[in-house]
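These are the residues of each chain, in order.
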Amino acid sequence: MEVKCRLNGENIILCGEPTDRLRDVLYHTGCYSVRDSDDAEGFAGSDTVIFNGQLKYSNFILLYQAEGADIKTAESLLVKGELNYVQKAMVAAGIVQSAYNAPAAALILTWLLEKHPNPTREQIKDVLTGIFIRDAGYEHYYLAVKLACELRDQGEFKTEIAPSFRPQLDIIGKPAGKIDGAALVSGEPVFVEDKVPANAWCLHVLRSPFASAYIKSIDISEAEKLDGVAAIITAENCPDVYYMQAGQGTPEPSPHDRRLFNRKVRHVGDRVAGIVARTPEIADKAASLIKVEYEPTEAVFTVEEAMAPGAPLVHNGPVQYNAGAPDDLEAYNKLQGDPREGKVVYQFPLHADIHKNIAASNKGGIGDMEKGFAEADAIVERTYQTSQIQHTPLEPHVCYAHVESGRLVLNCATQVPYHVRRIVSWVCGIPENKIHVIKERVGGGYGSKQDILVEELTGYAAWITKKPVYYRNTRAEEFYANSTRHPMRVHVKMGGKKDGTITALFMEVCANTGPYGNHCLTVPMNSCSKTMPLFKVDNMAYDLKVYYTNTPPAGAYQGYGTPKGTYGIMMAMAELADKLGVDYRTMVEKNHVEEGYMLEILKGLGEGREGAVVPVGSCGLDEAIEQGCDMIDWGKKEVSDDPDWKIGKGFAMIMQGSGLPGLDHAEAIAKLETDGTVILNSGGADLGTGLDTISAKIVAEVLKLPMDRITVVSGDTDSCAFDTGAYASSGTFFSGNASLVATTKLKELILKEAALQMEEKVENLDVRAPGEVYSKASGATLSYYDLVHTATSGTGRGQMVAHGSFVTNASSVPYGAHFAQVAVNVKTGEIKVQKFYALQDAGTPINPEIALCQMYGAVMKSIGHSLYEDMKLDKSGKCINANLTDYGAPMIDEAPEDFKSVLIDVDDKFGPYGAKSISEIACNGAAPAIGIAIHDACGVWLRSWPMTPEKILKALGKI
C-alpha cells in the first residue's frame, strides 16, 4: 500500500501493509527518533509524534490512517542541521542521559511551547504524563523549559543550571552539557537497532512454561524443514560450556551454573530453544512446530520454601571447584541427582551448598556481640522484606552480531564490553582476538546490562550460521527472562543505651538469587558492606545466605544490595530510637562515622576474599544531615487541614563506593592527532551517565584544550584498552582516573617533544589555552599543531601517544542523607511524598548538572521500589504483570511535590580532581526515609516494600 502524507514538512509516500504500525514505517523510512519501548503498549511515549497537530503514539496509528496526514517527528526540530532551542536547553539541563526517548521529549516540549509560550508548571507536568523517564527523573524538565524560554526570548540562558565547583579549574566542576548530547536528543542512529542491516536474520527464543522441569525430549525436525530457518539451537546441540551471565572480574564470585540451553529449565521463561530465521514470522512458525516433552518437577519460589527441610533442589548435579575444593567433594558429589541437572562450577569457594539450595554464604564481625547486647538498655529485633523488581530500561536488551573476515562482531548495549568478549569467547570456543565488541549508546541499563543476557546466544547464533543475526527482547521478556533486583529478607538486631549510643548491631540477610547465581555473593554482601561501615559501633556481626529458587533470575541493579540493607538497618535504628525515647537525629549524629575513623568491619566484607581495613576518607555526612534537617524543618510537626491526612518526616544516612578497590582496573589511550586535536580511547562504557564527557573534561583540563578539540572513543574492544566495566559506581573514579593518567602522560610527552623543538628545558615549559606550549623562561610559544606537525613530518620523532592504567587499593566513599516528608490518609491508606531532599557528597562533581539529574533519576527508582513496583508471580511462578502499565514504575505524577537534589562540597583525596561516584548511592535512601516518615505520620512501622495503602490499613487495624 502507498500512503501519501506530509512528513516533517515534505510531501512523501509511505509504503507498507495497511495495518502496519505507523511507528515501524516511520522508523524504516529513516525517522530513527521514533522508538518502541513498550511493544505498542502506550506507556513509555518513545513513539510520540505530532499527528495532524496533536501528540499521538505512532504505535497506535495504522499506516492506512496516515493518508493525507501531516506528521512531525523529532527530526523536524533541527534547523539547518542545528538543534532547536528546546533541544539545546535539554542538553544544558542535564536531562539527556541514556536518552532513548529524549527526542520524543524534545518534540513534546516544543509542541507545548508553540501552544503555550510561557507554560505553567502544571501545563509542563500535564504534557509529560505521556512519557516515561527512567534515567534523569522529571525535575530538571521544568528547568529545561525555563532555559528554553530564556534562549528563545533572550538568546542565552539566564538561570543557573547547576552550582559550579573548583574555581581554580577551567572546566571540571562546571556545567557544560554532554559531548554526545546533540546526537542523542536529535535522534541520530546511535543505538544497536540502528546498526542492523535490512538483510539481518532474527533470533527467536522458545521459552519454558514451567518453573521447574526436565526436558524429556525435544523434536525440532519439522521446524528445521521450514524455508528460511538457518539453525535451531537446543540443549542437545549447544556447546557443553558452563558459565555465568554476570559481567564481573575474573575469577568471578558467581558460580558457573548454566549452559546456553539446559536440560533442566529452572524458571518460567527459561531458554528451551533458539531459532535463527530470515523473518520473525518464520521464527514464530518454527517455534510452533517444535515439540517439547517436559517432566515438571516441584518448584520453590521464596527463601523460606528454599531453606525448608526436604525442599526441592534447584540444582542437584555434580559440583566442581577450580580452586579451593573441599576435602569431602567426592563424597558430596555422590549425592547428585538426575544427570540432566548439569553441573555447578566454582572459581573459588563461595560457601555454597546446592543440596540446601544455598548459592553462596558469608559471615563475620568485630567485637563481642554478647557483651554489646548485654550493655544495651533496649534492643530491637526486626525483619524487613523487599520484593522483586525490574530495571525497566527504555531500550530492552538487544544485540546484533555478524561475522566479518573470520571475526565475530557484536554491536551491544552493554555496560561491560570486555566481559561480553570474554564470555562469548568461552561459549563460542574462539579466542578473544577473533571477537570485536562495539558498545553502542545504551538506552538505559541500571545494572541489568552489566549481565550478559542476550549477547552470548546472539553471538553464538551468528558464529555457527555465519548469518547477520539480530535479537531484541520483548518487554515481557524483560520481566521474566532477565535479571531483576534480588528480593531479600533483612533481619536486624540492634541494641542501644539511653543516651543514644548503639552498643551492638547484627544483620542476618537471606537473599533470593533465583535459578542462577549471577552476583549471588556480591549483591547480598553489599547489603552489609555498604551499610555497617556507616556506624561507629564496636560490636557488629553479619550472617548472610543466598538461596536458589525458581523465580525469574536476579542480578545487578543500581545500588546493588545496598538499598535493601539500608532499609533494614536505618528502619531498625529509628525503631530503637523510638523505643529508647531518643530523638532519631541525635542517635544518627552520635553513631555515624567521620573522617579518619578506622573501619575494622571491612576486614570480612570483601568479595570472596578478606577485605582491607581502611580509615574513613572524605566524608560529607555531617553537613548533609545538618543541611537536610534544616531544609525539612526536622522536629517541627506538620499538621494537615484535613484530619484524614497525617504528615510525617523521616531521613536516612547512606553510603556506597567508587568502584572496587583492589579488583577494578581501567585503562585509556590518549593521542595527539596531526592537527593538534586529541582522541582519547577509553575502555570505559558510558551508559548515559556522562562518562565520555568526564573523560573529555579531564583531557581539556590537563591539556588546556577546548572541548570541541577532543574526541572520546569508548567501549570498543578493538580500539580501546581494557576496562573492567561500568558497574559498582566505578566509572568516574576508575575510568576517569585512567583518562587522567593517560592525559598526564601525554602532557609529559608533549613537553618533552616541545623542549627538543624549542631548545628549552622541560622544567621551563607548561601548557596553556587554547592548546599550546609556552616557556616560562623565554616567553616563546609552540602550538600543538606545529608541535605534532613537526613530530610527524618524516624527520621527527613520531606521534605522541600515551597509555594510562589505573588500579588502586584506596577507597573513595560517597556519603549522603535523604529526607522525606509524606502525607498518609488514615482512611484510605494512600501515601503521598510531599517533599524529598537528596543531599550527597560526590567529592568534586565533574558534570554537576548531570550529577543532579542522576540523583533525581535514582531517587525516583527508589521511590518506585518503596511504594509501587513489584513483580507479581502466580502460583506457577509466572509473572502476571510483565508490562509497564501493570508493573507500576513511577511517572511524573508520582514525583514529590517539592523535590531537590543537593551536592555537598567535599574534595576527595583519590578521585580524579577530587571526584567520587554519584548515581548508585542515590537509590539507597528513599525506602527508610519514607518508612520512618510513615511512622512519624500515623504511628505504624511498615517492614516490607512496596509500602502500599493496603499495608497501611492493615497496620492500622482497619482491614
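See the structure above.
Report follows, based on the coordinates. (Residues numbered from 1 in each chain as written. Predicted model: local features only at pLDDT ≥ 70, side-chain atom pairs only at ≥ 80, totals over all residues. Heavy atoms only, no water.)

Before going further, it helps to spend a moment on unusual backbone geometry. In the segment running from A769 into P770, the intervening peptide bond is cis, with an omega of 5 degrees. Within the secondary structure, P770 sits in the loop between β27 (765–768) and β28 (772–775). Look at the link from W945 to P946: it is a cis peptide, with omega at 0 degrees. With respect to the helices and strands, P946 occurs in the loop between α24 (926–938) and α25 (949–955). Even without glycine at this site, H351 takes up a positive phi of about 55 degrees. Here H351 shows up in the loop between β13 (344–346) and β14 (358–366). Using a relative accessible area of 53% as the deciding quantity, one classes H351 as exposed. (Helix = DSSP H or I, 4+ residues; strand = E, 2+ residues; numbered from the N terminus. Buried < 20%, exposed > 50% of the residue type's maximum accessible area, 1.4 Å probe, protein only.)

Let us look at the packing of helix α20 (residues 731–758) against helix α21 (residues 784–791). Relative orientation of the contacting elements α20 and α21 amounts to 80 degrees, with a least axis distance of 10 Å. Judged by the angle between their axes, α20 and α21 are roughly perpendicular. Judged by residue contacts, I750, E753, A754 and Q757 of α20 engage Y784, D786, L787, T790 and A791 from α21. Of the residues in the contact of α20 with α21, the class split is 5 nonpolar, 2 polar and 2 charged. (Axes fitted to C-alpha atoms, helices over the stretch in contact; angles between N-to-C directions. Parallel < 35°, antiparallel > 145°, perpendicular 65-115°, else oblique. Contact = heavy atoms within 4.5 Å. Nonpolar A, V, L, I, M, F, W, Y, C, P; charged D, E, K, R; others polar.)

On to the sheet that holds strand β29 (residues 781–783), then. Read across the open sheet, the 3 strands follow the order β27-β28-β29; overall the sheet is antiparallel. Two strands lie at the open edges of the sheet, namely β27 and β29, each paired on one side alone. The sheet shows a mean angle of 25 degrees between the axes of neighbouring strands, direction not considered. Across the sheet, α20 is in contact with β27, β28 and β29; its angle to β27 comes to roughly 120 degrees. (Pairing = 2+ DSSP bridges.)

A separate point is the nonpolar core. With 189 residues, the main nonpolar core has M90, M494, F535, Y584, I930 and I934 as its most contacted residues. Residue contacts for I930: discarding those within four places in its chain leaves A820, V822, V833, I863, S866, L867 and M947. Membership of the second largest hydrophobic core comes to 44 residues, among which are I172, I710, F734 and L751. (Core = buried A, V, L, I, M, F, W, Y, C linked by side-chain atoms within 4.5 Å.)

Attention now goes to the pairing of strand β33 (residues 898–904). Counting buried positions over the 7 residues of β33 gives 5, a clear majority of the element. Sheet analysis places strand β32 (residues 831–841) next to β33, joined by 7 bridges and oriented parallel. Paired with L839 across the bridge in β33 is V902.

Within this structure, the stated rule accounts for 19 aromatic pairs. Measuring from ring centre to ring centre gives 5.7 Å for Y57 and F60, while their planes differ by 85 degrees; the resulting arrangement is edge-to-face. Relative accessible area serves as the criterion here: at 21%, Y57 is assigned to the partly exposed category. Taking the relative accessible area as the measure of exposure, F60 reaches 48% and is therefore partly exposed. Through pairs of rings, three or more aromatic residues link up here, namely Y584, W634, F651 and F819. Above the ring of W463, the side-chain terminus of K466 is found at 4.4 Å from the ring centroid. The lysine or arginine in question, K493, covers the ring of F373, its NZ or CZ lying 4.4 Å from the ring centre. (Phe/Tyr/Trp six-rings, centres within 6.5 Å; stacked < 30°, edge-to-face > 60°. Lys NZ or Arg CZ within 6 Å of the ring centre and 35° of its normal.)

The end-to-end C-alpha distance of helix α18 (residues 621–632), which contains 12 residues, comes to 16 Å, matching closely the 16 Å that a straight helix rising 1.5 Å per residue would cover. Contacts made by the buried residues of α18 are with α17 (584–591), β23 (645–655), β31 (815–825), β32 and β33. At the exit of α18 stands D633, carrying a positive phi of roughly 55 degrees. (Expected span 1.5 Å × (residues − 1).)

This next bit is on the environment of K671. Within the secondary structure, K671 is located in strand β24 (residues 666–672). Excluding its chain neighbours within four sequence positions, the residues that come into contact with K671 are T677, V678, I679, N681, L746, Q799, M800 and V801.

We now examine the pairing of strand β21 (residues 502–514). Buried residues dominate β21, accounting for 11 of its 13 residues. The pairing of strand β20 (residues 488–496) with β21 spans 9 bridges and is antiparallel. Paired with V490 across the strands is V509, a residue of β21. The hairpin formed by β20 and β21 contains 5 residues between the paired strands, and G500 there has a positive phi angle of roughly 95 degrees. Taken together, the 9 bridges between β21 and strand β22 (residues 540–548) define a ladder with parallel strand orientation.

Let us look at the pattern of salt bridges. Side-chain pairing between opposite charges can occur once the charged atoms of the two side chains come close. In the structure shown here, the tally under the stated rule is 48 salt bridges. E477 is the partner of R207 in a salt bridge, and the nearest nitrogen-oxygen pair spans 2.8 Å. Of the two residues, R207 is situated in strand β6 (residues 201–207) and E477 in helix α14 (residues 475–480); the sequence distance between them amounts to 270 residues. This pair shows no difference in class: R207 is buried, exactly as E477 is. A salt bridge links E701 to K704, with the nearest nitrogen and oxygen atoms 3.5 Å apart. (Salt bridge = Lys/Arg side-chain N within 4 Å of Asp/Glu carboxyl O.)

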